[in-house]
Amino acid sequence: MTAKLSANNLTLIRGERCLFTGLSFALGTGQLLLLEGQNGSGKTSLLRALVGLLELEEGEIVWNGEPIRRARQAYFKSLVWLAHRVGLKADLTLVENLQFESALRPIANTDFNAVLERLGIERLKKLPMRSLSAGQQRRVALARVLLSAADLWLMDEPFTNLDRDGRQLVDEIVGQHLSNGGMCVMAAHQDVEIDAPTQKLVLE
Amino acid sequence: MNSAAEQTPGLLAGLTATVRRDLLLAWKRPGDVLNPLFFFAMVCTLFPLAVGPSVEQLQFSGPGILWVAALLAMLLSLNSLFLADFEDGSLEQLLVSPQPLVLLGLGKTIAHWLTSGLPLVIISPLMAMTFQMPLESIGVLMLTLTLGTISLSMLGSVGAALTVGLYRGTALLSLLILPLAMPVLIFGARTVSLAAAGDVYSGGIFALAAYAVGAVSLAPYATAAALRISNE
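Residues numbered from 1 in each chain as written. Chains lettered and ligands numbered in written order. Predicted model: local features only at pLDDT ≥ 70, side-chain atom pairs only at ≥ 80, totals over all residues.

**Regarding the interface of chain A and chain B**
- In this complex, chain A contributes 34 residues to the contact, which on the side of chain B involves 27 residues.
- Those elements giving two or more residues to the side of chain A that touches chain B turn out to be α2 (72–77), β6 (79–82) and α3 (94–104) of chain A.
- Per-element tally for the side of chain A that touches chain B: the top contributor is α3 of chain A, with five residues.
- Broken down by class, the residue content of the side of chain A that touches chain B amounts to 18 nonpolar, eight polar and eight charged. (Contact = placed C-beta atoms within 7 Å. Helix = DSSP H or I, 4+ residues; strand = E, 2+ residues; numbered from the N terminus. Nonpolar A, V, L, I, M, F, W, Y, C, P; charged D, E, K, R; others polar.)

In structure tokens form, the structure reads like this:
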């Protein structure tokens, strides 16, 4: 099996601190990479570097055999980024927010309403994001991930603010994505119960 | 994975969607749009009250004051151009989109001009009346303001993108933008004065138009680069 996403000898320095050095991994289709470590150990920074938002001090991230610095457009086409901040407009409704999404990146041909129903947010369609609870907003952010046609899911603490059912749902959704040949890099504190080949990366 | 079943949005889809979304947001929160407009209207109506009713004096100082008020109103509105998107994380989503960031930033800037520059142009004839400006110069005032505010929105987007990551970057933003905005102010105010005095003024219009064309074609690239730096 060949790796689709690989990182070679990454070094990241933020301010005065070296977060990690000589970090490498390779991820193939259907695999999950779990990032673990204490608060402030650099999980989010590593994810942001993988998304291409942070400039690395050293090393290279390679997607489909091409460094992402050179093939940024193609890389962005195949990834979706679930950040800590949900990235949804508080004054717009759920549907308006997700419609805007569909102009930004390739969208899978899935039934919009079915996705909302699965996440238990179809009742909230007409409400502005402002009136939704933090957990409900997180579910809308998950809807963005589910609606996208991306192969690579990069998720920063996807379980935050979710209830027990919601956490199970994330496990289930990610598991399904992986069994369809997708990939996922996830930073998580909770125990993750996903039935897929999993690599763990512990940051110190 | 299911590459056959996916729909990739077109190149201009991102631009139009960004303009539409920002206009929709402005519609839902009209306060942000009205603030600079009120500022412009207040300066322009208070000045004649303070200066006195002498028609000669009002006509003489009118173009300059209108233009300074317009410039400051634009500066006032620039700070919020990328700030809300930065704070709620939607700017990051724009940055990791396969759509070219140049077009997405341009979309946001166009929406900014439509909600802050265009309203100034529209109420400017009313403000010109408080200065008793001759009727013939009002068309010139609107034309120069249109060209000038386009330049200011474009230049301002670069400054706003550079300062978006900084805590309270407003003062720095003004400092960055003002030197670049000086030609707009000088040409704008002088052209209106010349038109009011019945002199030849076409040179100023050409200069403002050239400046606007330059800003529209170059600023989006600088804005995109600045946004990537600010989000590190």
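Let's pick the thread back up.
**Quick word on the sheet that holds strand β2 (residues 17–27) of chain A**
All names here are of chain A.
- Strand order across the open sheet formed by four strands is β2-β1-β4-β5, with antiparallel pairing between neighbours. Edge positions in the sheet fall to β2 and β5 (66–67), since each of these pairs with one other strand and no more.
- Against the sheet, helix α1 (residues 43–51) contacts β1 (5–14), β2 and β4 (58–63), and its axis sits at roughly 125° relative to β1. (Pairing = 2+ DSSP bridges. Axes fitted to C-alpha atoms, helices over the stretch in contact; angles between N-to-C directions.)

**As for the packing of helix α4 (residues 112–119) of chain A against helix α5 (residues 134–147) of chain A**
Residue and element names in this part refer to chain A.
- For the pair α4 and α5, the least separation of the axes is 10 Å and the interaxial angle reads 140°. Our classification of the angle between α4 and α5 gives oblique. The hand of the α4/α5 crossing is right-handed. Within the contact between the two elements, α4 uses V115, L116 and L119 and α5 uses R139, L142, A143, L146 and L147.
- Residues belonging to the contact of α4 with α5 are distributed by class as follows: seven nonpolar, no polar and one charged. (Parallel < 35°, antiparallel > 145°, perpendicular 65-115°, else oblique. Left-handed = near helix turned anticlockwise from the far one by under 90°.)

**Notes on the environment of F131 of chain B**
Residue and element names in this part refer to chain B.
- Here F131 shows up in the loop between α6 (101–130) and α7 (135–163).
- Residue class for F131 comes out buried when judged on the 25 C-beta atoms lying within 10 Å of it.
- The spacing of F131 and F47 is 84 residues in sequence and 8.8 Å in space, taken between C-alpha atoms.
- If sequence neighbours within four positions are ignored, F131 has contacts with P48, L58, Q59 and G62. (Buried ≥ 20, exposed ≤ 12 C-beta atoms within 10 Å, placed from the backbone.)

**Observations regarding the pairing of strand β8 (residues 183–187) of chain A**
All names here are of chain A.
- The buried fraction of β8 amounts to five of the five residues, a majority that puts the element mostly inside the structure.
- Where burial is concerned, the two faces of β8 agree: the one with M183, V185 and A187 and the one with C184 and M186 are both buried.
- Examined bridge by bridge, strand β3 (residues 32–36) and β8 share four bridges and lie parallel to one another. In the sheet register, L34 faces β8, and the bridge partner there is M186.
- For strand β7 (residues 152–156) and β8, the ladder comprises five bridges, and the chain directions are parallel. The partner of L154 across the bridge, within β8, is V185.

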